[in-house]
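# Topology and contacts: notes
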Amino acid sequence: MTVPVFDPATLPADGNVNPYTFCVELQGSQWFLQKGKMIAYYGQIEFNGIGHGALERLVRTSFHSPLHAGDWVVAQGSGKMLLADRAFDVNSFDLDDGNLTIRAGNLLAYQPSLALKQSIVPGFLTLIGTGKFVAASNGPVVFMEPPMRVDPQALVGWADCPSPCHHYDHGYVRRAGGTPWSSGVESLGAGGLRAMTGIGGASGEEHQFEFVGAGTVLLQSSETLMPEQATGAVPHEPGVPGGGAGHGGTGGQGPLGSGMPRMPGQLGDLQRRFGL
Amino acid sequence: MPFREVNSKMVEATVRPGQTMYSQRGAMLGYRGEVSFTPNLQGGQGGLASMIGRRVANEATPLMTVEGDGTVLFGHGGHHVHVVQLAGETLYVEADRLLAFDGTLRQGTMFMGSQGGVMGMVRGQVTGQGLFTTTLQGHGAVAVMAHGGVFELQVTPQRPVHVDPQAYVAHRGDLRNKLSTALGWRDMVGRGSGEAFQLELSGSGTVYVQASEEKL
Amino acid sequence: MFRLQGSKVLAVEMTGDSVHAKNGSMVAYDGEMAFKKLSGGGEGLRGMVTRRLTGEQMTLMEVKGRGTCWFADRASEINLVSLRGDKLHVESSNLLATDAGLRTGTTFTGLRGASQGNGLFTTTVEGHGQAALISDGPAVVLRVTPQYPLSVDPGAYVAHQGELRQSLQSGVTFRTFFGEGGGEAFQMRFEGDGLVYVQPSERNTVAGDV
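Under the annotation held in an unreviewed UniProt entry, chain C carries the name AIM24 family protein and is attributed to Streptomyces fragilis.

For chain A, an unreviewed UniProt entry supplies the name AIM24 family protein and the organism Streptomyces fragilis.

Here it is, written out as structure tokens:
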């Protein structure tokens, strides 16, 4: 068995080295990277936090998730760098004047020709424009077409189709011996049902995200989440989901102190982190 | 009810009216069509089989019945999934390794004192779990989980195989099993340790071993 | 005599000879095997700064017998390296098995000013024979030449061989909108002629932040 040996000439330009490693080529260009995802590089490459003054114009056009800024750096220079994330599968995706929404923790890197914005679905980010981005997933990403329902924890993201809605399996709740609806949705997520559904919290059988309309749904083959990345708080104003009053004391606080509401069926950040 | 292997960590099952399948709770990743999931308070087929239920994660009701008309994606914990086709024979498998299986398969439990019991003793020592292992018999498919995927070892009368109980996943065929310990192994891992034993499988059949000493 | 069974299982056929392997990494065997605990094996850079080995010193065992012995370690990927008289430096937790004829030792290459005080201990493997390395995901092998030095995240470093000079390099600073987290990230810099093995994971590092 011969193992390939790579050097700067034989490493792919913007392609996979193996299913778990992606190589980005920089030729005086820039990429946004999530911190901690660069494993090695050749050449002259500089890494700067996106608060760096020289990057202000770039950030103004391509980075619109201010409270998320501490997690990202900009790589610029000339050379080739390898990206990887805890031996998860990594893949690049090309957007052509399109949009794709992705779980924040799954996004590793993107070209500045794309604009990154917070989705109104908490925990997700939307990429808009034309360009390439790199994402990690637990197992290869599987593409499905709506209509379908997915376990929230297996959802990587979606493209083109409308944002999902919650679907509660009334029958499952009843069959599990609960009293559906009687005490409202709150009891689904928090109370007795969860205790009955096995390991580590709610299972996807009682609650799913439902997708309808035209588009593509991206799934990963695990319902154990990759550690969640906080997307930052949203402005506290009327009409902004998760931004209004009434969430004060509930749910876990994200690492950045975000008041992201916890949806039923989702585990807390800490549990998720230790659950891997 | 066949499983289609979508990739190494995900299988797709087609569910048709009148057919039943069982899966581990929480293993559903997504589905299309009209499919219902019913948690099994009584365990798969009742009676002894309910033990299967109890085994998984030490929960009272870890299995669920899947019925309806549509397709379901199953996966769990990022573990590799291996599909075993049974044509009348019996698969011996740890219950917590079962991702999903055909409802037509007959479920059973092997207790201590019988063949499975010896294994149960090993498992019990190692993991503190129960003293029995699960059997599935008949014609159908079983999706089994393993950490890092499984490899198959053929066992022949001339060639018994010794397996680390932590890495043992399942076996099929006409196999006898007993505890053994290799020369020097007990000194190495410590005498009191449950890991001091290997599972010795002899006869004719196949044993499935995972690429890890880590229990699921 | 070393053979991969899939990418995560090492099969070693033995005819009365022996092999050194990470303690407890045997998952199955046929034939007759005898096991013996060996002491030694160094604490690697990552071993020192993480709890990957849960505080244990890495220990090796000697396996001797006739038949086939299968080894695996927590579903890690296995990479085979053939040595022809040269020296391999490997993070001790990444060494799964070596031919018994290979010599293993520990090298201390000095402190390089890292704020965590990491000493650079690596396990060395020398001689003629095969070694099996484990990595979290399949390792990528990168060639270093005088014109192409390489920087590696310490958490992704697995091993290197050849005539390489190694140093810890700091110098990446982060300033964010809030002025927080101005932490330094350390990288391992390799110069000279040789090969570096990196894994697609930076799971076990406190040193890298890029």
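There is more to say after this.
## As for the overall build of chain C
Along the backbone of chain C there are one helix and 13 strands. Taken from N to C terminus, the helices and strands of chain C fall in the order β-β-β-β-α-β-β-β-β-β-β-β-β-β. Buried residues in chain C amount to 62% of all 210 residues. Residue pairs at least 24 apart in sequence account for 79% of intrachain contacts in chain C once pairs closer than 6 positions are excluded.

## Notes on the state of the cysteines
Applying the stated criterion across every chain, the model contains zero disulfides over all chains. Not part of a disulfide, Cys161(A) finds its nearest cysteine sulfur in Cys165(A), a span of 11 Å.

## Some words on the pairing of strand β6 (residues 80–93) of chain B
Residue and element names in this part refer to chain B. Direction of pairing for β6 relative to strand β9 (residues 133–146): antiparallel, over a ladder of 12 bridges. Among the inter-strand pairings, Tyr92 is bridged to a residue of β9, identified as Thr135. Strand direction decides the pairing type here: β6 and strand β12 (residues 168–180), joined by three bridges, are antiparallel. Its bridge partner lying in β12, Val93 is registered against Ala170.

## Describing the confidence of the model for chain A
Residues and elements named next belong to chain A. Confidence in the prediction for chain A averages 75 pLDDT; 65% of positions are at 70 or higher. Scored below 50 in pLDDT, residues 180–201 makes 41 contacts in the model with residues more than four places away or belonging to other chains. This model gives residues 244–276 a pLDDT under 50, and the stretch forms 60 contacts once residues within four places in sequence are excluded.

## Looking at the interface of chain B and chain C
Contact residues are listed per partner, giving 25 residues for chain B and 23 residues for chain C. Where chain B abuts chain C, roughly 1,900 Å² becomes buried across the two surfaces, and 63% of that area is made up of carbon and sulfur atoms. Our count for the chain B to chain C interface comes out at one salt bridge. Note that Arg159(B) is salt-bridged to Asp30(C), the shortest N-O span being 2.6 Å. Put simply, chain B and chain C have four residue pairs in polar contact (both at pLDDT 80 or more) between them. Those elements giving two or more residues to the side of chain B that touches chain C turn out to be β10 (150–155), β11 (161–163), α3 (185–189) and β13 (198–210) of chain B. Strand direction decides the pairing type here: β11(B) and strand β3 (residues 26–30) of chain C, joined by three bridges, are antiparallel. Of the residues in β3(C), the one forming a bridge with His162(B) is Tyr29(C).

## Observations regarding the packing of aromatic side chains
Geometrically, a pair of aromatic rings is defined through the distance of the ring centres and the angle of the planes. In this structure the tally under the stated criterion is 15 aromatic pairs over all chains. With a centroid separation of 6.4 Å and an interplanar angle of 75 degrees, the aromatic rings of Tyr42(A) and Tyr148(C) are classed as edge-to-face. Of the two residues, Tyr42(A) sits in strand β4 (residues 38–49) while Tyr148(C) sits in the loop between β10 (140–144) and β11 (150–152), which places them in two different chains. The class of Tyr148(C) is partly exposed, set by a relative accessible area of 37%. An angle of 65 degrees between the planes, with centres 5.5 Å apart, marks the rings of Trp72(A) and Tyr110(A) as edge-to-face. Of this pair, Trp72(A) sits in strand β6 (residues 72–83) while Tyr110(A) sits in strand β8 (residues 107–110), and the two are 38 residues apart along the sequence.

## Quick notes on the side chain of Gln187(C)
Residue placement: Gln187(C) occurs in strand β13 (residues 184–198). Reaching out from Gln187(C), the side chain makes a polar contact with the side chain of Tyr41(A) at a distance of 3.3 Å.

## Comments concerning the pattern of salt bridges
Should the charged atoms of two oppositely charged side chains come close, the side chains can pair. Going through the model one piece at a time under the given rule, you end up with 14 salt bridges over all chains. One salt bridge in this structure joins Asp85(A) and Arg86(A), with 2.7 Å as the shortest N-O distance.

## Re the nonpolar core
Residues and elements named next belong to chain A. Counting 25 residues, the largest nonpolar core has Phe32, Phe63, Leu107, Tyr110, Leu127 and Phe133 as its most contacted members. Where this core is concerned, the elements lending two or more residues are α1 (56–62), β6, β7 (89–103), β8, β9 (114–118), β10 (124–137) and β13 (155–159). Each of domain 1 (15–137) and domain 2 (142–227 + 260–275) contributes no fewer than three residues to this core.

## Regarding the domain arrangement of chain A
Residue and element names in this part refer to chain A. In terms of domain boundaries, chain A breaks down into domain 1 (15–137) and domain 2 (142–227 + 260–275). Each partner contributes residues to the interface: domain 1 has 17 residues there, and domain 2 has 18 residues. Our count for the contact surface shared by domain 1 and domain 2 stands at five residue pairs in polar contact (both at pLDDT 80 or more). Breaking the side of domain 1 that touches domain 2 down by element, the ones donating at least two residues are β7 and β10. Take the side of domain 1 that touches domain 2: its biggest share by element is six residues, from β7. By residue class, the composition of the side of domain 1 that touches domain 2 is eight nonpolar, six polar and three charged.

Rules and cut-offs
Residues numbered from 1 in each chain as written. Chains lettered and ligands numbered in written order. Predicted model: local features only at pLDDT ≥ 70, side-chain atom pairs only at ≥ 80, totals over all residues. Heavy atoms only, no water. Helix = DSSP H or I, 4+ residues; strand = E, 2+ residues; numbered from the N terminus. Buried < 20%, exposed > 50% of the residue type's maximum accessible area, 1.4 Å probe, protein only. Contact = heavy atoms within 4.5 Å. Disulfide = S-S within 2.5 Å. Pairing = 2+ DSSP bridges. pLDDT = per-residue confidence, 0-100. Buried area = accessible area lost by both parts, 1.4 Å probe. Salt bridge = Lys/Arg side-chain N within 4 Å of Asp/Glu carboxyl O. Polar contact = N/O pair within 3.5 Å; in protein donor to acceptor, adjacent residues only side chain to side chain. Phe/Tyr/Trp six-rings, centres within 6.5 Å; stacked < 30°, edge-to-face > 60°. Core = buried A, V, L, I, M, F, W, Y, C linked by side-chain atoms within 4.5 Å. Domains from an automatic or database assignment. Nonpolar A, V, L, I, M, F, W, Y, C, P; charged D, E, K, R; others polar.

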